[in-house]
Structures are given as structure tokens and as C-alpha cells.
Amino acid sequence: MPHEAWKLLDRLKAFSPYFTHVLIQQPSLTEELFDRGGYLSQPNLSQLTSRLKKFCSGIMEFQEFCLTLRRFKQQEILRLAARDLGGISTFSQTTKGLSNLAQVCLEASLHFCFQEKAAITPKDHPPLLSEGLTVLGLGKLGGEELNFSSDIDLIFLYHLVSEVPLPPLEQRYYFQQVARRTILAMGALLGGDHVFRIDLNLRPGGKDSDLVLSYDSVLEYYQTEARTWERQALIKARPVAGNRLLGKKFIQEIEPIVYRKFIDYTVLSEIRSMKGQILREARSHSLQGENLKLGPGGIREIEFISQSLQMVFGGRIPSLREKNTLRALQKLKEADILPPKEYRRLSKAYQFLRVLEHRLQMVNQRQTHSLPADPQALAHIAGETPSKGKKPFSSSPALISDLQRTRENVRSAFDNLLLSPSVPSQTRIQKLLAPDSELETGEVEWKALGFQKPGLIHPIILSWRKQTASSPPRLRSYLEQIHPLLVGYALQTANPDQSLTFADSFLRRVGGRTGILAMLIEKIPLTREIMDLFAQSRMMGRLFSQNPEMIDYLILQKTHGLLPLESKKKVAGKRNGPEEDLQDRLALLRRRKSEHFLTTALEELAGRITAPEASRRLSDLADFVLKTTLALAEEKILQEVVHPVYPGLSRKLPPSPFCVLGMGKLGGQELGYLSDLDLIFVYSLKAPFLSESKTHSFRATDNRKRITYHEYLVRLAQRFISYLSLPLGEGPGYTVDTRLRPSGSVGPLIVSLDSFYEYYRDQAGNWERQALLKARIIVGPESLVDEVGERIETLLFQSPPPFEVRQEMIHYRSRMEKERSGEDGERINPKLGFGGLADIEFITQYLQWTYLGAIPALRQTNTLRVLKALQDNGCLSEMDFLLLKEAYQFLSLLDHGLQLLYDRKGDPRTYHPQELTRAAELNVLGLGRAEIPGWEVTAHYRKVCQNVRRLFNQIFDE
């Protein structure tokens, strides 16, 4: 092997575990690409097509074709990676090569699926049908600028073929089948890899529409209904597979829709609105490490600059109708729309950010856009990323420094895009806030600045003026800096009034603590995030403004990552101190709860974790608090009684035979931000759960009264609930609900193991047994935990559900919707309403209960994990599983977002559709992202709920 080839191969293997794996799986590639110098040439589109035809020649079986396609993709992407890493290809050549690879694989897949379909089609239906389908590539595929791990954005269009004797509905069904099979061939994980993931969300209707849409209906949609962002997406549309002539004809017909004949000033306000959304989302992503795509000054902002200018001026200047971003920037410069200096900055920035993005994705062939937090991994990336002199960066700090300068240049250009209205200058704001200001600051002035509720803002500003004027010199100097800062940042959020209102509450609690004020002035990114938090979430605004000390934890978390919860021993370890010691430890525990609650909300608001991941964190937090609080309660109550065997507690008393079951959302590890804790307490006074050394009674320390062990456990449960829900200055506690216990609210607070079992076996209604499907044992002595678990299994798993369960579940779900959801003609309830989360949970629990006796994998409490187990074991089709999974994730996201935004307590929690739209406009939890635009959230919600209810009826009718 030539020395240069050997060095490059060694670098590639050291840099990328994915490519190392490919070389191990296909050892012949080492000889072909490196021994023979195959990496020195890059095949064009025609050559790639010929090679792939030879690769797949003679293959008739679908799975064999898919595996062969993946081997071909691995070979060619390895070639492109070697050329890119070795500096042989330019950035444009690499992205063109990746795009060509995706295109030939897509074309081959479509052709194979047509052939496969033709083999089972009657002879009087000739393969002319293939002429009726065209595939449009959008996004980076359309612009011939794919990443090493890109999705490919597609739209499948069909046109009825008159020469084929098939009615329109059958032709439509035929094309749907071919498209579905093509998507599977390209995107399914097979042999540990996929070819390219396919994203169809840019088609009209997004996820809710058919896979293949008719040519005429799509054309009509774009002519009459398309939003600005949809027209903008068409800038990059080009035919990539199927009937290319049909695709080209479509592109020609929609061009006047995308590029209006005259400068389209009517879209300026919509573009500015989209720009504002990008700014808000970028701020939320800016604290995810360094997100090269979505963060401030990132790739998306360059693409938005280019496409916005193309939309506005492209109708008058045809040369601007360019699909590739770099070439579009060049055309904008040539048309004197983009100044030469701005063009050079943006062009260099785009190439630098995209090359760095390639390096991130080459490591493990993952679709990532963020620099790694691990210093060693970051240094690894820096050492293979070319700097200005084409040599790799000497260190991680050098890379980060260059990246920061690049992003500042991009953000500057983005801020100046289309003369977007600007926030008032700090000088202007300082004058308005000055105690001796002579400027008129009535409601009209504050509305002109950007506040929507000047009657709310004006008193805040007046109080700030008075506070500044009456404060000591040191405090006054801080207030003169912080007040204008907070007003300016509030005006940059999507909800300035709410942001400033919470900022006022926050400052009132801070009072004269200049350390916190100095920190806000010093740490500008943190202050920005807090103001965004106030704008996005009433719940978090209330919690943070009531507990300003949490700012310290927030800084630590951003420095060191998510900090672990305090160990139970540290918070609840045995102590014999005074009452104040208990208060201190409860306060410490409550503070830890509030801090982790806040961190979880921030992570979810920023898009760093999904709604199910947030629920898992909230549930883990609740588990920790429950275990720690129980230990504190028992320690405290033992100080009030004396056990005959252990007077003075000189020896450690064995754990009480007391078990806590989490039910409902807690049991399923699916807690929301406003969830109650549904608990059942089970005990046993029989061996082996009760140690032989224990007797059945205590006496109070004042020797006046003897209590039984049962009374002791009741007292323990009551104290436990009290500590959990006790209001403290360090943050709210939990609301505990024990109504799911045997006999409900009229039954005893704690129930013996035998009574628990006998009740569910002989007396409980089917709905109560259904609730046991979510039972999860959180804390208790190991031997008792095992026995309770075995009893629950006996109740649920050793016999199928009674025959009448299906009708009872339908009836109970109907009552829940009518009596508890609070839905009417307008207001909606994502949890309990029509087609909501409760529908999905009932479907899951019905199927789980039906099959769990025969399938041990179903014996778990989490809805998504049970759904996956149902699908894995053939109890639920893949299509139904995906529908329920996506619906559950969306509805959970919506439910979390509405909880955080509106902080609406009590049941039922209902919302007006306009409140859903507002949540999307504020980009709460990413609800305003491209695939679910703000103005479509309500329609998307309705469609999701209709699909869920349809499946509910279908499954319960079978």
C-alpha cells in the first residue's frame, strides 16, 4: 500500500469508529480504496448509477437488495470520507458526492420496488405505471449539499396514467405501496445501518397526509394555501427520482408561486416573524453546547438569509433562483443585493460550519450538530478540522475561538436581514428608567417600545425608579445597570410583558443582595436565558422568582452538567439534633427538589431532552424524594417513642415492614410538572417481614400512652405525607393522593398485605385491577417488596382479564371524557379529552392485560415501553405502534408545554385552541418548529386525536 494511502487509512480508522466498523465488515474495501488508490477518484452521477446497477445485478429478493444497497453506500461514503479527510475534495465536491450517492440509491430503490410490484401485478397492468410517479428532493438533497448523516427531504407526487386500465383509486394505492416500500429500502435499520433516512414532513399536510400526493392537488395547494415557509422550502426543490420530466414540469409550474414577478414585500412581515422564531429558538439552543445548525450564528441562519433574499428578489432577478446555498450567496452578491464583504463572511462561515459539522457526523455516522462536551472528544475533532491555512487546528481553544468569531459574523448579518425592527437602544432605555427622567413614559410610550400591556408595565417601571432613587450608593449602582438590562432582554423575548413581570417579582425577592445582581450583570447569557424562561413558562417563572438562590445551582449545572441528587445518607442520615435540624434537612431536600425540577424544565424547554425523558427525570426525582422523606419521617417519629427492645435507640432498629407503591403516572415513570403522587401503603406484621426482635407496641417518650405497631405505622404514613406536602420557602412540595388504595377514601390509610391481596382478588372492580397495571414499588424492605410484587403478579398475570373488561373500559373511558375532561365545543384537554393521552393508555393497558399472562416482556408499567413490547411480540402492528408512539410523544410534549406556559392547577386542565397557538408562537418545547408550525398546531392536534380515537374504536371493537 502506498505510504500516503496507509497514513490516510490510519487517520480515518483512528478518527471514526463507524468507518473502522465498515472496514472490518468489508475487508475488501481496504484493498480496493487504499491499496489500489480507489479513493483518488470520485465517480460522477452517471458512473455511480452504472456501478450500483452492477452491484445489484440479478438480485430479486427485497432483503438481499437492501443489504447490498447498504454495502454500496458504505463503500462510497468511505471513499468520500477519505477524500474529505485527506483534503483531496473541496467542500462542494464532498456535498455533491454525498447528494449523488443519495440520489442513485433512491433511484435504484424506486426502480427495484416498481419491478417487485410489477411481478405481482396482472399482465394487463403494464409497467407504464412507473411513468406516473416522480420524487422531488428538497432541503440539502435538493441543493446538492448533503451531510455525512443527513435525512433526505422528499415529496412523492403521482399523475394518473391514462394508458393503464386501472381506476384512479387503484393507481393511487399502487403508488402508495411502491413509495412505502422505497422508504423502507432506504431508511430501515438493516444489518446495523441504513442508506439514508427519509423525511416527508415538508410535503403538504406533513405527517398527517398521504405518502404520495396527486400532482394536481399539490399544485393547487401551493397556489392557494401554501404558507411562506412552505414556499421558501420549494426554493430547493428538484426532481431526484422517478419520472424526471414530470418533476421538471411541476417545478416550472410552481416557480411563479415561489418567486413573485414583483418584489414581494407582502411576505416581509411573515419572514420577519419566522426570523423572530429562529432568534428565540437559537437562544434556547445556545446553551446546548455549541449547536452548529440551530444555535445563534449557525448554519440555519445563513440558509435563512439566502432563501429570504431569494424569495423577495427572485421574481425580478431570475439568476437568483439557485438551489445550492453557496451558489445562491454568489448570485446575491453578483446582483448587488449582498455586499461583497458580507458575501465573503457568509460564504466562509458556511463552509467552515459545514466542514466542522461533517467532522462531527463522520465519527459515528450520527445526525449530530453539537460539539462534544468531553474535552478529549473535542480535541479529537479539532485535530481533524482544517483551519484557514488548511492545516488542522492546533487545539480545542483555537477551534472554539475561530468558531465564536464566525458565529458573531453570521449573527451580525442575520440581525441586519431585511431591516428587521430593532430593540430600543440601551441608552434610550436607561433614560426612560432614570429616577430624574423627564421623558414621557405613559402607556403609549411603553407600547411603542414593544410591551403589549403597558398598564401592567408602567407601575413596575415607576417602582424601579423609586427604588433606584432611594437606594444606598452601592446598591443604586447595581440597579442602574440591571434594570435597563432586564427591560432590553424582556423586549427581545416573545412575551415581554410576562418576562418583565416575573423579573420584577424576582428582584423583589432578591432585595439588596448585590451578589446576585452582580452575577446577573456579569453572566449575560445566563440572564438572557432567565428572561426567556420567564417569557416561556409561568410555572418556572413563579418557582424561580420565589427562589432566586437557585441561580447558584443553575450556574453550577451549566459548568459541570446535570448535577447528581444528594445521596439519601447525606440528607437523611441518622442525627440526634434538635427540631431545627429536621427543618434544615427538609429545607435542603426541598431545595434539591426545586433545583432538579428547574433543571429538567430548562433542559426540556431548550429541546435537549424529550417529553418522555423529562417525565423519567421527574419520576426519578420523586422516587428520590419519597425514599429520603420516608427515612426522615421514620427517624423523627422514633425520637417520639421508645421501643421496648431498643430503649433509647442505642441499636439500629430494623426497617419498618412498610412498603410504598407508586400508581398512575408515578408508577409508569411518566410524571408531568403538575402531577400528583398516587400512593398506596402496604404493611405486614408477619414474619419474615417483621423482625423477631420487634414487639408489637411502643410507648410515647412521656410514658403516658402505649401505641401498637399498627398505630405506629399509621403515624409514620401520616408524618410521611405531611413532610412531602409541607409548604416551605425552598419550593412547593408534592400533592399526595391516596384514593387508589383499597376501598378508596373510606378505606384505611395503610393496608395489610393480606387485606391488599384479598381486596383485589374478591372485591375490587375491574377498573381498580386495571390501575394495578401501573403499580410500581418505590421503597420498602426487600422481603416485603418481593412478596407485594408476587401478589400483584398473581392478581394480574396468572389469569386473563374477565370477559366484561372490554365493555367496562369503554364505558369508563367514555365517562372520564364526559365528566372529567372539561372539554366542550372549544376547549380541549390533551390528557383526558377526545383521542388524548388517556385513550392511548387505555389501549395499551387493554392489550397489556390481554396478553401479559403469556408474554413476560409486557410486565412493566411505562406506556411507551409496553407499546414497544406489544409491537415486538406481534400484539400490535408496526403501523399502529408508530401511530400511538408518535401521538403519545406529541401529546406529552403538548401537555408539558401547556403546563409550563400556563401553570394551570386543578382539574380539569383545559385550554382554548388559541392557547395552543400561543404556545407554538413562543416556541415552548419546540412546538413552533418547522414540522409543526405555530398556526398549524391546533389542526395537527385535532388530526392526532382523530387518529388515536379511530384506533381506540378499532381495537376495542375487535
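Cut-offs applied
- Residues numbered from 1 in each chain as written.
- Predicted model: local features only at pLDDT ≥ 70, side-chain atom pairs only at ≥ 80, totals over all residues.
- Heavy atoms only, no water.
- Helix = DSSP H or I, 4+ residues; strand = E, 2+ residues; numbered from the N terminus.
- Buried < 20%, exposed > 50% of the residue type's maximum accessible area, 1.4 Å probe, protein only.
- Contact = heavy atoms within 4.5 Å.
- Areas by Shrake-Rupley, 256 points an atom, 1.4 Å probe, with all protein chains shown as cover.
- Pairing = 2+ DSSP bridges.
- Salt bridge = Lys/Arg side-chain N within 4 Å of Asp/Glu carboxyl O.
- Disulfide = S-S within 2.5 Å.
- Phe/Tyr/Trp six-rings, centres within 6.5 Å; stacked < 30°, edge-to-face > 60°.
- Lys NZ or Arg CZ within 6 Å of the ring centre and 35° of its normal.
- Axes fitted to C-alpha atoms, helices over the stretch in contact; angles between N-to-C directions.
- Parallel < 35°, antiparallel > 145°, perpendicular 65-115°, else oblique.
- Left-handed = near helix turned anticlockwise from the far one by under 90°.
- Nonpolar A, V, L, I, M, F, W, Y, C, P; charged D, E, K, R; others polar.
- pLDDT = per-residue confidence, 0-100.
- Expected span 1.5 Å × (residues − 1).
- Arc of directions from axis to C-beta.
- Patch = residues over 30% accessible without salt bridge, like charges linked within 9 Å, V, L, I, M, F, W, Y side chains within 5 Å.
- Lys, Arg positive; Asp, Glu negative; His and termini not counted.
- Charge placed at Lys NZ, Arg CZ, Asp CG, Glu CD.
- Polar contact = N/O pair within 3.5 Å; in protein donor to acceptor, adjacent residues only side chain to side chain.

A. Spotlight on the overall build of the chain. For the chain, the helix and strand inventory stands at 40 helices and 13 strands. Across the 958 residues that make up the chain, the buried fraction comes to 57%. Of the contacts made within the chain by residues no fewer than 6 positions apart, 73% connect residues no fewer than 24 positions apart. When the accessible surface of the chain is summed, it comes to about 41200 Å², and 52% of that surface belongs to carbon and sulfur atoms.

B. Spatial organisation of the pairing of strand 7 (residues 658-663). Across the 6 residues that make up strand 7, a large majority, 6, are buried. Because side chains alternate across strand 7, one face comprises the buried residues Phe 658, Val 660 and Gly 662, and the other comprises Cys 659, Leu 661 and Met 663, equally buried. In this sheet, strand 13 (residues 776-779) lies alongside strand 7 in antiparallel orientation, the contact comprising 3 bridges. Residue pairing in the sheet places Leu 661 in a bridge with Ile 777 of strand 13.

C. Structural view of the environment of Val 714. Among the secondary structure elements, Val 714 is positioned in helix 31 (residues 709-725). The residues touching Val 714, leaving out its near neighbours within four places in the chain, are Leu 749 and Ile 750.

D. A look at the pairing of strand 1 (residues 133-138). Most of strand 1 sits inside the fold, with 6 of its 6 residues counted as buried. The alternating pattern of strand 1 places Leu 133, Val 135 and Gly 137 and Thr 134, Leu 136 and Leu 138 on opposite faces, both of which are buried. Bridge count for strand 1 against strand 2 (residues 152-158) is 6 bridges, and the pairing is antiparallel. Within the sheet, the bridge partner assigned to Leu 138 lies in strand 2 and is Asp 153. Summarising the sheet, strand 1 and strand 5 (residues 238-242) pair through 4 bridges and their orientation is antiparallel. Bridging across to strand 5, Leu 136 finds its partner in Pro 239.

E. The pattern of salt bridges, seen in detail. A complete count under the given rule lists 41 salt bridges for this structure. One salt bridge in this structure joins Arg 405 and Asp 402, with 3.1 Å as the shortest N-O distance. With Arg 405 and Asp 402 both in helix 17 (residues 396-415), this residue pair falls 3 residues apart, about one helical turn. As a salt-bridge pair, Glu 787 and Arg 791 come within 2.8 Å of each other at their nearest N and O atoms. Placement of both Glu 787 and Arg 791 in helix 34 (residues 782-797) is noted, with a separation of 4 residues, approximately one turn of the helix.

F. Expanded view of the state of the cysteines. In this structure the tally under the stated criterion is 0 disulfides. In this model Cys 56 remains outside any disulfide bridge; the closest cysteine sulfur is found in Cys 105, 8.3 Å from its own. Exposure remark for Cys 56: the relative accessible area of 13% places this residue in the buried category.

G. Molecular detail of the packing of aromatic side chains. Counted by the stated rule, this structure contains 28 aromatic pairs. Geometrically, the ring pair formed by Tyr 18 and Phe 19 is edge-to-face, given 5.1 Å between the ring centres and 70 degrees between the ring planes. The same class applies to Tyr 18 as to Phe 19, namely buried. What links up through ring pairs into an aromatic cluster is the set Phe 114, Tyr 158, Tyr 174 and Phe 175. The ring of Tyr 757 carries Arg 791 above its face, with NZ or CZ at 5.1 Å from the centroid. Of note, Arg 949 hangs over the ring of Phe 952, and the distance from its end group to the ring centre comes to 5.6 Å.

H. Representation of the packing of helix 13 (residues 299-313) against helix 14 (residues 325-334) in the model. Between helix 13 and helix 14, the least distance of the axes is 10 Å, while the angle of their chain directions is 50 degrees. Between helix 13 and helix 14, the interaxial angle falls into the category oblique. Classified by chirality, the crossing of helix 14 by helix 13 is left-handed. Facing Ile 302, Glu 303, Ser 306, Leu 309 and Gln 310 of helix 13, the residues of helix 14 in contact are Thr 325, Ala 328, Leu 329 and Leu 332. Its residues assigned to classes, the contact of helix 13 with helix 14 comprises 5 nonpolar, 3 polar and 1 charged.

I. The arrangement of the confidence of the model for the chain in detail. Averaged over all residues, the pLDDT of the chain is 85; the fraction at 70 or higher stands at 86%. Per-residue pLDDT stays below 50 along residues 285-289; that stretch engages in 12 contacts with residues further than four places along the chain or on separate chains. Here residues 567-576 is modelled with pLDDT under 50, and outside its nearest four sequence neighbours on either side it reaches 25 contacts, counting other chains as well.

J. Expanded view of helix 2 (residues 17-25). Buried residues of helix 2: Tyr 18, Phe 19, Thr 20, Val 22 and Leu 23, and no others. Buried residues belonging to helix 2 abut helix 1 (3-15), helix 3 (28-35), helix 5 (62-85) and helix 15 (340-364).

K. The arrangement of helix 40 (residues 937-957) in detail. Given a rise of 1.5 Å per residue, 21 residues ought to cover 30 Å, and the 30 Å separating the end C-alpha atoms of helix 40 matches this to within 8%. The complete set of buried residues in helix 40 reads Val 937, Thr 938, His 940, Tyr 941, Val 944, Cys 945, Val 948, Arg 949, Leu 951, Phe 952, Ile 955 and Phe 956. For helix 40, the arc enclosing every buried residue in end-on projection is 165 degrees, short of the 170-degree limit, so these residues lie on one face.

L. Summary view of a negative patch on the surface. A cluster of like negative charges, contributed by Asp 216, Glu 220, Glu 225 and Glu 253, occupies part of the molecular surface. Mapped onto the elements, Asp 216 comes out in helix 9 (residues 215-224).

M. Summary view of the packing of helix 21 (residues 473-491) against helix 22 (residues 496-510). At a closest axis distance of 8 Å, the pairing of helix 21 and helix 22 adopts a crossing angle of 150 degrees. With respect to their mutual orientation, helix 21 and helix 22 come out roughly antiparallel. The handedness of the crossing between helix 21 and helix 22 comes out as right-handed. For the pair formed by helix 21 and helix 22, the contact residues are His 483, Leu 486, Val 487, Ala 490 and Leu 491 on the first element and Pro 496, Ser 499, Leu 500, Ala 503 and Leu 507 on the second. Classifying every residue of the contact of helix 21 with helix 22 gives 8 nonpolar, 2 polar and no charged.

N. Inspection of the side chain of Thr 738 at higher detail. Tracing the backbone shows Thr 738 in the loop between strand 11 (736-737) and strand 12 (750-752). There is a polar contact of 2.7 Å between the side chain of Thr 738 and the side chain of Arg 741. Residues contacting Thr 738, with those up to four places away along its chain left out, are Leu 679, Phe 681, Ile 721 and Leu 749.

O. Main features of a positive patch on the surface. Positive charge collects at one region of the surface, where Lys 341, Arg 344, Arg 345, Lys 348 and Lys 388 lie side by side. Along the polypeptide, Lys 388 turns up in the loop between helix 16 (375-382) and helix 17.

P. Up close: the environment of Gly 298. Here Gly 298 is to be found in the loop between helix 12 (268-285) and helix 13. Classification of Gly 298 by relative accessible area gives buried; the value is 0%. Linking Gly 298 and Phe 414, residues 116 residues apart in sequence, is a C-alpha distance of 10.0 Å. With sequence-adjacent residues up to four places away left out, Gly 298 is seen in contact with Leu 292, Lys 293, Leu 353 and Val 410.

Q. How the structure looks around unusual backbone geometry. Despite not being glycine, Asp 336 has its phi angle at roughly 60 degrees, a positive value. Tracing the chain through its elements places Asp 336 in the loop between helix 14 and helix 15.

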